[in-house]
Every structure is written in structure tokens, then in C-alpha cells.
Amino acid sequence: MRLTVAQALVRFLAAQYTERDGRRHRLIAATWGIFGHGNVAGIGQALLESGPQAMPFLQGRNEQAMVHAAVGYARQSGRLSTHAVTTSIGPGATNLVTGAALATINRIPVLLLPGDTFATRPADPVLQQLEVPYAGDVSVNDALRPVSRHFDRVTRPEALIPAALQAVRVLTDPVQTGAVTLALPQDVQAEAYDWPEELFAERVWGVRRPRPDRVELAAAADAVRGSARPLIVAGGGIRHSAAQASLAALAEATGIPVAVTQAGKGVLPHGHPADVGGIGHTGTATAAALAREADLVLAAGTRLSDFTTASATLFQDPGVRFVGLNLDPYDAHKLAARPLVADAREALDGLREALAGHRVDTAYETAYRQEAARWEARVDAAYAVTAADEELPPTQAQVLGLLDALVDGSDILVNAAGSLPGDLHKLWRARSADQYHLEYGYSCMGYEIPAAIGVALAASGRPVWALVGDGTYLMNPTEIVTAVQEGVPIRLLVLDNHGYASIGGLSGAVGAEGFGTAYRFRAPDGAYTGDPLPVDLAANAASLGMAVIRARTVRDLREALAEARSATRPTCVYVQTRTPDTVSGPPPAQAWWDVPVAETATRKAAAGARDEYDRQAAQRRRHL
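This section reports on the structure supplied with the text. (Residues numbered from 1 in each chain as written. Predicted model: local features only at pLDDT ≥ 70, side-chain atom pairs only at ≥ 80, totals over all residues. Heavy atoms only, no water.)

### What to know about the nonpolar core
Then step 1. Judged by nonpolar contacts, the single largest core of 52 residues is most densely connected at Ile 238, Leu 247, Val 258, Ile 279 and Leu 351.
Then step 2. Counting residues per element, this core draws most heavily on helix H8 (residues 214–225), which supplies five residues.
Then step 3. Those residues within four positions of Ile 279 in sequence are excluded, and the remaining contacts are Leu 231, Val 233, Ala 259, Val 260, Thr 261, Ala 287, Ala 291, Phe 307, Thr 308, Leu 314, Phe 315 and His 425.
Then step 4. Judged by nonpolar contacts, the second largest core, of 51 residues, contains Ala 30, Leu 58, Ala 100 and Val 468. (Core = buried A, V, L, I, M, F, W, Y, C linked by side-chain atoms within 4.5 Å. Buried < 20%, exposed > 50% of the residue type's maximum accessible area, 1.4 Å probe, protein only. Helix = DSSP H or I, 4+ residues; strand = E, 2+ residues; numbered from the N terminus. Contact = heavy atoms within 4.5 Å.)

Shown next, in the form of C-alpha cells:
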């Protein structure tokens, strides 16, 4: 079959499927693209020729945002289906780097197809070519190597066959998956070749569920039986494996409490008796106290990042030991854990069977449930709205409380950065396994709006909310245009607090005094402490095609959220939040996070912050 390389690639991708638990999914459900001279005559022409039935096309506005949208789609699809992203050479390709890093860090599959400079070098250099004196074969696409789980450059037509097969292998591998990059020189894309027709036959890639090794499973069960205060830390791997029911069954059978990471929140529904909330720096006091006293931690489907472990200060029992339940041996061995390398669902089911008849002490179970109930009272206090509050701007916690009162299990919340992740992890009551969509592996400002589009495409008919602060909004609002163009009715909730509130708070804590974090005019002394900038984000969203509802008070916001939830077109709710106080604000961090503080400084704030840093850092330990 004589086709160009680009035509062959599109036809090949349209025939790839995944299968898990007897259900088949199309691997590449659509391709996002922005065209330039590096892909318009290759992949662009091939997508036109194939038609939307073979390969649907989505027009993006920013290359990084297109990757975020693909990631949102892939995560909502259980990593069984994703999107491809095509760009031109030069800045179009390098704009992919942040999105690729996000996908790889979060272990989410996405296929990147950046154009590349001429393989045949008819002219050298060409427009947007990076000239590297010591290496003639380097292009800007090489910047994607360290942030891709697999990278290849297709410099000959026949090289596409092994390259494409390897790309799909990695995309469908639950251990290795992440960003996969196939760099496509612009001349090779348009070159014709006689392809074997077998290349375009349907291929079904089974997504494995490896069972645990019997010896590792027995050792893990023995460790649980020998512990007095076990704790399960559940991460995103539970969700990726669709192991929520297995986790709940193990917790119910044994009484072991379950704390969740940002990626794992929602794997137990709010109100489950074993759920003790978020763990780590942004977590609950209940989970933090249990972690400090735990003598055994079952780390299930988590990377054990510094936020989760409170920068290696959280697990304080002198005899604490770990069991690492993970598909990836790299993660399973962290903290010198007893590894349990397996699919989460298979391992959790196996543990429940191996622990038949075993249950934690009644006093331990009663105590953590009582503490969890006390935390819920703190959430109620943070959400509370008094009669006087009705005519005032809401605090950020009250915004979440009003949303909490409105949504049901069908709603999905998308967030990634700023002060919202901390408040959400501590306060939000997840009603379904996929309601809480936090990208906190890379915590990338600008992720929320495009990711919400991807989530909405994968969860058609469900209300999808993108929660953003003003700082995040200004980073990447361009895909609002895509949502309007495609008629994707995302709900955008913009909380304007005139600056980088999260980093402003951190800056104060580390002695930097909020320097450079407020969105304000310069004062006479040169600091950004003047009046707030006259930026109208609501008007900006409206100019990009969104329906916009402005809310000034708590009463306004309650009505605006209800109106937005019932909307059938992309809709923005805009509100300026009130600075929280000690009564209505969320509880502070319940565990430390290591951000180094100046070891020597003349300013009082930095000197005091260093004293606190030294006190906290002294609690850090190596688990060996």
C-alpha cells in the first residue's frame, strides 16, 4: 500500500486498541494539532485525507495546553485511551516540553508528534533549526528526550514500522507509560513508501494485571499481622488499576485506616469508615497523627513524593516499616519497603484473602474514626456561612463549601496548582471515584482549563469544573476558545485574590515576606504593595467566547454556581475572594514541607524562619 509516512502513521494509529478486563478501547481517540511548515504538508494532509471517522481532529491554541487536554482525557479514560498531539518544528515542538514532563511524572500516556528539521538537509540551516556545532543530528526536539518515556526520530520511511510499534508498546504498558515522542522530519513525513498491509490491521494491546509473587504476598500479610498500628497510603495507582472496590473490601475486612495522596483522593468515597482523608503537607490532622504513630505503612500505588511523606519527617515511629505495593519495582522499593510488585487490584484482593480473620484492635479503629469525625467538624467550620457572610465576598473555603453543597457524584473537579490543592485535599468530600482530578505530580499552573476539556470529552454529559486562581488563569486561558469552538460545556470557576496566594503564603513562611507575589502596582518604595491591578479576568473570558457570571457576594455565588452547573455552553463564574480569617479559613498545614531557608540573612523574618526550618529539618530521617 503506497502512502506517505504521515498517512501511514495516521492509518496505523487508527487501528490500535487496548483491552483490559474484557473491554476494548480505542487507543488514540483523536489528534490535537497546531499546524506550521513542519507538519502542515505531512500530518496535516494525512489527517485531512483520513477523514474524521478514521482520526478525529481537535484544533488547539497552545501546544502545551494540547498536551494537558490529552492528559486529562487519558486520566479520565483510565489510561486505556489517549490523544496524539502534532506540532510544527521549532517553538511548536519545544512548547510540548512542559506538557510532556507533566504526563511522564504523572504516568499518563500521551503521544507527541512534533515536526522536525529536514532529514535530507537540502538546505542547512532551515527556518527554526537549532545549529549545534558539535552535533549535526541534534534538533530542538532532543529537549523532549528526558521528559519522554520513549523517544525516537523517524529519519527513514521504513523506520516508522518499528518506531510506531515501540511507541504503542510503551503507551499501553502500565509500568512504563508516560509521554511518548516520535520526532518526524518534515521531509520524511511527506515521503511515500510501499507499506505492508499487515501494518494497518487492527491490533489489540492487552493491558496487564500482574499478580503478586506468592512469597512477597505472604511477607506483606505477615507484616500486617505483626503490626499494631497499620496505615494504608493510597495513591493514583489505585485509580489507574480500577482497584477502588478491592481497597474498600480490604479496609472493611481488616479495619486498617486509609489515607490518600492528591492522586488517590476519592478512591474511597467520602464517609467510608476507613477514610481518614489526605496525607502529608496538604492533608488532615487525622492522617498526620496516624502516620506519625504507624508501625507499618502499606504504600499502595503511590510514588511517595515529598508532599506525601512531609519531606521524610512524617513517619516517626522508631520501628516503622513499609510495604510497597506497586506495579513498578522502582516505586515498590522506596523507603526500604518490602516490595509487593503487582497490579493494585490483584494485590489488594490477594492481601484480603491472606488476611482472612485478621482485624486491627478495636481501640485503634475507634480512635481513628473519632479523630476523623473531629476533622469533619473542622471542615464544617471552614465551609460555614453566617447570615452576615451572605452579603460579603466569600473566603476560598466558603467557595468550596458552596460547591460542595451543589454537586453530586456526577461532577468532576479539575485543579493543579496554587492554594486550591491544599484546601481541596484537606476539605473536599469526594462523592465518586473520579470526582477529584488533581494534577499534583507536576502541579502545573495552566493545566486546569485544557485538562477540563479533555476530561469533558472523555466523560460526556457530566458537569466538569475547572477551578483556577487568577495567577493560573493568566498562565493559559487560550483553550477557552477551543471549548467554545467544540461546544464543550466546561464550567470555569475563577477565584481572584490578586496574586500568587499559595507562593505568597510560602514566601512569608520562609522569610521572603511575600516578595514579588502580589498582583499590584508598585508603591513608592518599589515594592508591589499598591492598589490591585485593574485586570478584568471576567471580561477576558467573555472576550474568548465564554458565558460569564460575576458573583460579588456569597449569595451571588450560590446562585451563579447553580446557573453554571445547568449551563449547556462553556460558562465562567468569576468571584473575588475575601482573605480568610482564623474562623472561616481552612486549617493550616498539618505536616512540614522542606523549602530551604536562607542560612544567613539580615532581615528578622528570614532569621526567624531559619530557626523554624532547623527545628523541622531535625526530624527528617532515612528509612533504611
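### Points about the layout of surface pockets
Then step 1. In this structure, the second largest pocket encloses a volume near 420 Å³.
Then step 2. The wall of the second largest pocket is formed by 18 residues, among which Arg 20, Gln 76, Ser 77, Gly 78 and Leu 80 lie closest to the centre.
Then step 3. Examining the composition of the lining of the second largest pocket, we find that three residues originate from one element, helix H3 (residues 63–76), more than from any other.
Then step 4. Looking at the lining of the second largest pocket residue by residue, the classes come out as five nonpolar, seven polar and six charged. (1 Å grid on protein atoms, 1.4 Å probe; cavity = no way out; pocket = protein on both sides within 12 Å on 5 of 7 lines; lining within 4 Å. Points joined across faces, edges and corners; volume = space filled by probe spheres on them. Nonpolar A, V, L, I, M, F, W, Y, C, P; charged D, E, K, R; others polar.)

### Topic: the sheet that holds strand S3 (residues 23–26)
Strand-to-strand pairing in sheets goes through backbone hydrogen bonds, with the strands running parallel or antiparallel.
Then step 1. The sheet built from three strands is open, its strands ordered S3-S2-S11 with mixed pairing. The sheet is open, and its two edges are formed by S3 and strand S11 (203–206), each paired on a single side. Averaged over all pairs of adjacent strands, the angle between strand axes in this sheet comes to 35°, irrespective of strand direction.
Then step 2. Bridge count for strand S2 (residues 16–20) against S3 is four bridges, and the pairing is antiparallel. Bridging from a neighbouring strand, Tyr 17 pairs with Arg 26 of S3. (Pairing = 2+ DSSP bridges. Axes fitted to C-alpha atoms, helices over the stretch in contact; angles between N-to-C directions.)

### Side note on the packing of aromatic side chains
Then step 1. All chains considered together, the criterion is met by eight aromatic pairs.
Then step 2. Each ring, one from Phe 315 and one from Phe 322, has its centre 5.4 Å from the other, and the planes form 80°; the classification is edge-to-face.
Then step 3. Exposure remark for Phe 322: the relative accessible area of 3% places this residue in the buried category.
Then step 4. Site record: aromatic cluster; members linked through ring pairs are Phe 307, Tyr 440 and Trp 593.
Then step 5. Positioned over the ring face of Phe 200 is Arg 11, at 5.8 Å from the centre of the ring. (Phe/Tyr/Trp six-rings, centres within 6.5 Å; stacked < 30°, edge-to-face > 60°. Lys NZ or Arg CZ within 6 Å of the ring centre and 35° of its normal.)

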